[in-house]
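Coordinate analysis (summary)
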Amino acid sequence: MDRVNANPLLKPNCQGDTANSPLTLETINQMSPTAKQSTIIEPPRGWLKLNLGEIWRYRDLLYLLARRDISTRFRQSVIGYGWAILRPLLTAAIFTLVFSVFVKVETEVPYPIFAFAGLMPWLYFANSLTDVTSSIVGGGPLLTKVYFPRLVLPLAKIGVGLVELALQFLVLFGLLIYYSYAPGWQILLVPVFVLVTVVTALAFGIWLTALNVKYRDVGMAVPFLIQIWMYLCPIVYPITMVPEQFRTIYAINPMVGVIEGFRWALLGTQHPNWTMVGVSLAVMSVILITGVAYFRKVETSFADII
Amino acid sequence: MTYSIQIENLSKRYRLGLTHAGSIRDLANRLARRLIGRGETKIAPLSHDPDRVDGEHFWALRNIQFTVNQGEVVGIIGKNGAGKSTLLKLLSRITFPTAGRIEMVGRVASLLEVGTGFHPELTGRENVFLNGTILGMTRQEISRQLDAIVDFAGVGKFLDTPVKRYSSGMTVRLGFAVAAHLDPEILIVDEVLAVGDIEFQNRCIGKMKSVAESGKTVLFVSHNLASIKTLTTRTIVLSGGKMIFDGPTAEGVTRYVAENMIADTGQQSIADAKRTLTGLDQNLQMTDLGLRGLDGHGTLPADGRFQVSVTVRANSDCGEFLVGMTVYSQDKTPIGSTFSDPLSPPQCGQSRTYELVATFPLAPGRYHCGISLTSLRSAGRELHDSLDDVIPFEVSATSIVDDLRTGQWSAAWGYYRLNGLKETVHS
């Protein structure tokens, strides 16, 4: 609470270059002796600059919106954040029953750990994608009343899942101890894969939330999409069950690389096929860049449409 | 003098109809049409104003241009649909202009609502921080002012209680308290003050006044002419998306009232006036009614002199009669009644116009009348004729506010400005 921040509105934007910048709205440092901040509002034109500086200036808002979601997520529920643990644990139990006891799926590691380690990034992705998709339409009351960089809304939604993920790590370590399974040095790479998971959820979410403003059909489709998407990811089955010749195509689904890498980092299983991880990352990057560009292009009309 | 806000040729155009909100089906339809080479279906214009509708587009604002100097307090008034909200949204950067440019120099705070972003599950404290950052403060600034904010809102004990347990009054007070501690250089305010009880409204007006007097630039958008008059010196009147006036507030308010009243001025037709009472013998019949002495804007002058002319036709011979008149408020509450002296009727088959005068020291607001003719002999039991909902008129805030040292007339004070309450002089 006591971190010293300059006021977001007082702090001049130091990315000068106002003469031919295609910005809709820019906050520039006026060169007058008063050196007051000046706000210029003009019709949007062309593709807009990312302007991450502005989002940085609104980091307090980002933080508080994320905290609002975190602290209200499980209010008035008895189990509270226990749900964050219970859901993957029960899912992993059912998967173990079905895919290890009924259908004998061969895995390198005990199936419960295998499933749980796969479910962690997946559940994070699925929940965050849902939240991010509804963030703009859900933020309507805010959008129509006050200005802030619109990207703050989807960005604020990725925090809740991270808290849940942190709790799930505790459970996973419990499971690892139970099965006397020691992770390797790769565990140091887990944060990298967490980051990749977050970015993947954002990449898809930013596209979907921007589309959802105009086409509410998107909001209807996402839960269904997530349902079928799960079976296209190596969560309940190991990637070795996917025929060799299809694996590169299979990896177009960016979550394939994410889950494989995540599981490898956590459990030290057979290292993932780096070509597949590369394909996944490339697809994810394209989706992220185009998503942010599309978002920036349509964000000026959000308030008019909602 | 340096300017705070400069607006050049500002226009905002919206698309008509539902095309904006489309669905996949709509998109598919449009794509299909484009492929076939047919144009899009025309959408019937919502507005009949040809100036504002352009094909399937609607100009919410057109060529707005003005400059506000530093420290000026400017009011923006206009009817519903005049473009006030659009202008406010453009200035607040919620929506973007179709053409033109706005430049604002200094830290801007725009207040379109009290308590934006309040979450019912969060405590008062959490909401103060959230609302404050939404309005552009940093957490550090809020921490510094937290005590003052809590004090102003008067919610001390409940600071760590979820806002959903607050009364609506407390919630509004907390929201306003945050806004009151924003300390911007340019303040843009909507009619957020129209909420809350009288005491709270007066407090808001007081706060606004002190902001206005502290040399800040204020843009104040309101319907409330009395607060516009107390707070601002300069007023911009919007009508049909255009700026029709920019100048001294007193003049601007008059222009606005004139704009607003056009539909009501002129002779009141009684051809379709209602006669709800039964047992009217129609021996005497009202054929025309008029309200005279309005100040040209359909409003009653400040002294409340009410001149009504009643044209009566005699359908048969009858004795002397009285004209009774009841004034109703807009919500049809009877305010009071008055009766004429005994009048002698016109000859059978003839008409005559009676000019009647009364003084009603009414509070600002809209009123209408009911008028009856009764025979003198029957002591009010026999009605010749009775008309409901006639002679609408308005007592404007402008005509009253000048001699009201209280600033504005509150609806809670009633409909009458009573006389008296003078200090007695002891010799």
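Predicted, not measured: the structure shown is a model, and the values here were computed from it. (Residues numbered from 1 in each chain as written. Chains lettered and ligands numbered in written order. Predicted model: local features only at pLDDT ≥ 70, side-chain atom pairs only at ≥ 80, totals over all residues. Heavy atoms only, no water.)

1. Digging into the overall build of chain B
Within chain B one finds 9 helices and 17 strands. Within chain B, buried positions represent 50% of all 427 residues. Considering only contacts within chain B whose residues lie at least 6 apart along the sequence, 72% involve residues at least 24 apart. Split by element, the accessible area of chain B, about 20100 Å² in all, is 51% carbon and sulfur. (Helix = DSSP H or I, 4+ residues; strand = E, 2+ residues; numbered from the N terminus. Buried < 20%, exposed > 50% of the residue type's maximum accessible area, 1.4 Å probe, protein only. Contact = heavy atoms within 4.5 Å. Areas by Shrake-Rupley, 256 points an atom, 1.4 Å probe, with all protein chains shown as cover.)

2. Re the overall build of chain A
Of regular secondary structure, chain A possesses 14 helices and 2 strands. Counting over 306 residues, chain A shows a buried share of 53%. Pairs at least 24 residues apart make up 76% of the contacts formed inside chain A by residues separated by at least 6 positions. Carbon and sulfur atoms make up 70% of the accessible area of chain A, which totals about 13700 Å².

3. Structural notes on the environment of Asn127(A)
Relative to the helices and strands, Asn127(A) is located in helix α4 (residues 111–133). Not counting residues within four places of it along the chain, the set of residues in contact with Asn127(A) comprises Arg73(A), Arg87(A) and Glu164(A).

4. A few points about the pattern of salt bridges
Inspection of the entire model under this criterion finds 18 salt bridges over all chains. The partner of Arg296(A) in a salt bridge is Glu299(A), with the nearest N and O atoms 3.2 Å apart. Grouping residues by exposure puts Arg296(A) and Glu299(A) together as buried. Where Lys12(B) meets Asp304(A), a salt bridge forms, and the shortest distance between an N and an O atom there is 2.9 Å. (Salt bridge = Lys/Arg side-chain N within 4 Å of Asp/Glu carboxyl O.)

5. Focus on the interface of chain B and chain A
The interface is formed by 53 residues belonging to chain B together with 50 residues belonging to chain A. For the pair chain B and chain A, the summed buried surface comes to about 4700 Å²; carbon and sulfur atoms form 57% of the total. Contact with chain A buries surface across chain B, with Arg93(B), Phe96(B) and Arg139(B) losing the most and accounting together for 19% of the total. Contributing elements (two or more residues each) for the side of chain B that touches chain A: β1 (3–15), α1 (24–36), α2 (84–91), β5 (99–105), α3 (124–134) and α4 (139–153) of chain B. The element contributing the most residues to the side of chain B that touches chain A is β5(B), with 7 residues. For the side of chain B that touches chain A, a count of residues per class yields 21 nonpolar, 18 polar and 14 charged. Relative to β5(B), strand β2 (residues 37–41) of chain A runs antiparallel, the two sharing 4 bridges. In the sheet register, Ser38(A) faces β5(B), and the bridge partner there is Val105(B). (Buried area = accessible area lost by both parts, 1.4 Å probe. Nonpolar A, V, L, I, M, F, W, Y, C, P; charged D, E, K, R; others polar. Pairing = 2+ DSSP bridges.)

6. What to know about the packing of aromatic side chains
Under the criterion given, the structure shown has 21 aromatic pairs over all chains. Geometrically, the ring pair formed by Tyr178(A) and Tyr179(A) is edge-to-face, given 5.0 Å between the ring centres and 80° between the ring planes. Among the residues examined, Tyr178(A) registers a relative accessible area of 64% and is labelled exposed. Here a set of aromatic residues connected by ring pairs shows up, and it is made of Phe306(B), Phe360(B), Tyr367(B), Phe393(B) and Tyr415(B). Directly above the ring of Tyr14(B) sits Lys12(B), whose terminal nitrogen or CZ lies 5.0 Å from the centroid. The ring of Trp59(B) is capped by Arg62(B), whose NZ or CZ atom sits 4.2 Å from the centre of that ring. (Phe/Tyr/Trp six-rings, centres within 6.5 Å; stacked < 30°, edge-to-face > 60°. Lys NZ or Arg CZ within 6 Å of the ring centre and 35° of its normal.)

7. Thoughts on the UniProt feature "transmembrane region" (unreviewed entry) in chain A
All names here are of chain A. Under the UniProt annotation, the feature "transmembrane region" (unreviewed entry) is placed at residues 78–102, 155–181, 187–211, 218–237 and 274–295. Taken end to end, residues 187–211 comprises 88% helix and 0% strand; its first and last C-alpha atoms sit 37 Å apart. With 100% helix and 0% strand, residues 274–295 has end C-alpha atoms that lie 31 Å from one another. (UniProt positions renumbered as here; feature names shortened; annotations may be inferred.)

8. With respect to the side chain of Lys216(B)
All names here are of chain B. Of note, Lys216 is situated in the loop between α6 (198–213) and β8 (217–221). Separated by 3.2 Å, the side chains of Lys216 and Asp183 make a polar contact. Excluding its chain neighbours within four sequence positions, the residues that come into contact with Lys216 are Gly71, Glu72, Val73, Asp183, Pro184, Glu185 and Val211. (Polar contact = N/O pair within 3.5 Å; in protein donor to acceptor, adjacent residues only side chain to side chain.)

9. So, the environment of Ala314(B)
Residues and elements named next belong to chain B. Tracing the chain through its elements places Ala314 in strand β12 (residues 305–314). Measuring from C-alpha to C-alpha, the distance between Ala314 and Gly349 comes to 5.3 Å, with 35 residues separating the pair along the chain. Ignoring any residue separated from it by four or fewer positions in sequence, one finds Ala314 in contact with Asn283, Leu284, Pro346, Gln347, Cys348, Gly349 and Gln350.

10. Concerning the confidence of the model for chain B
All names here are of chain B. With 80% of its residues at a pLDDT of 70 or more, chain B shows a mean pLDDT of 79. Across chain B, the element-wise mean pLDDT spans from 56 in helix α9 (residues 397–401) up to 92 in β5. The model gives residues 39–47 a pLDDT under 50, and that stretch makes 16 contacts with residues more than four places away or in other chains. Here residues 262–268 is a poorly scored stretch, pLDDT under 50, and it has 11 contacts once near neighbours within four places are set aside; other chains count. (pLDDT = per-residue confidence, 0-100.)

11. Quick look at the sheet that holds strand β4 (residues 73–78) of chain B
Residues and elements named next belong to chain B. Strand order in the open sheet made by the 6 strands is β6-β7-β8-β4-β9-β10, with mixed pairing throughout. Looking at the sheet topology across the chains shown, the edges are occupied by β6 (108–111) and β10 (242–248). Across the sheet, the mean angle from the axis of one strand to that of its neighbour is 15°, orientation sign disregarded. In this sheet, strand β7 (residues 186–189) lies alongside β6 in parallel orientation, the contact comprising 4 bridges. Residue pairing for β7: Val108 is matched across the bridge by Ile186. Contacts from α2 reach β4, β7, β8 and β9 (234–239) within the one sheet, and its direction differs from that of β4 by about 140°. (Axes fitted to C-alpha atoms, helices over the stretch in contact; angles between N-to-C directions.)

12. Quick notes on helix α5 (residues 168–180) of chain B
Counted at 1.5 Å a residue, the expected span for α5(B) with its 13 residues is 18 Å, and the 18 Å between its end C-alpha atoms agrees. The complete set of buried residues in α5(B) reads Met170(B), Leu174(B), Gly175(B), Phe176(B), Ala177(B), Val178(B), Ala179(B) and Ala180(B). (Expected span 1.5 Å × (residues − 1).)

13. Some details on the nonpolar core
Residue and element names in this part refer to chain A. The biggest cluster of nonpolar side chains holds 135 residues, and the ones touching the most others in it are Trp122, Phe148, Phe169, Leu172 and Ile235. Per-element accounting of this core gives the leading share, 15 residues, to α4. Setting aside chain neighbours within four positions, we find Phe169 in contact with Met120, Val190, Val194, Phe262 and Leu266. (Core = buried A, V, L, I, M, F, W, Y, C linked by side-chain atoms within 4.5 Å.)

14. With respect to the sheet that holds β12(B)
All names here are of chain B. Strand order across the open sheet formed by 3 strands is β11-β12-β15, with antiparallel pairing between neighbours. Taken across any chain shown, the strands that pair with only one partner, and hence form the sheet edges, are β11 (284–292) and β15 (351–359). Taking the axes of each pair of neighbouring strands and ignoring which way they run, one obtains an average angle of 25° across the sheet.

15. Things to note about the packing of helix α9 (residues 190–214) of chain A against helix α12 (residues 254–267) of chain A
Residues and elements named next belong to chain A. Remark: α9 packs on α12, axes separated minimally by 9 Å, with the N-to-C direction vectors making an angle of 160°. By the criterion of interaxial angle, the relationship of α9 to α12 is roughly antiparallel. Crossing hand, α9 versus α12: left-handed. Taken together, the residues of α12 that come into contact with α9 (itself represented by Val190, Phe193, Val194, Val196, Thr197, Thr200 and Phe204) are Pro254, Met255, Val258, Gly261, Phe262, Trp264, Ala265 and Leu266. Broken down by class, the residue content of the contact of α9 with α12 amounts to 12 nonpolar, 3 polar and no charged. (Parallel < 35°, antiparallel > 145°, perpendicular 65-115°, else oblique. Left-handed = near helix turned anticlockwise from the far one by under 90°.)

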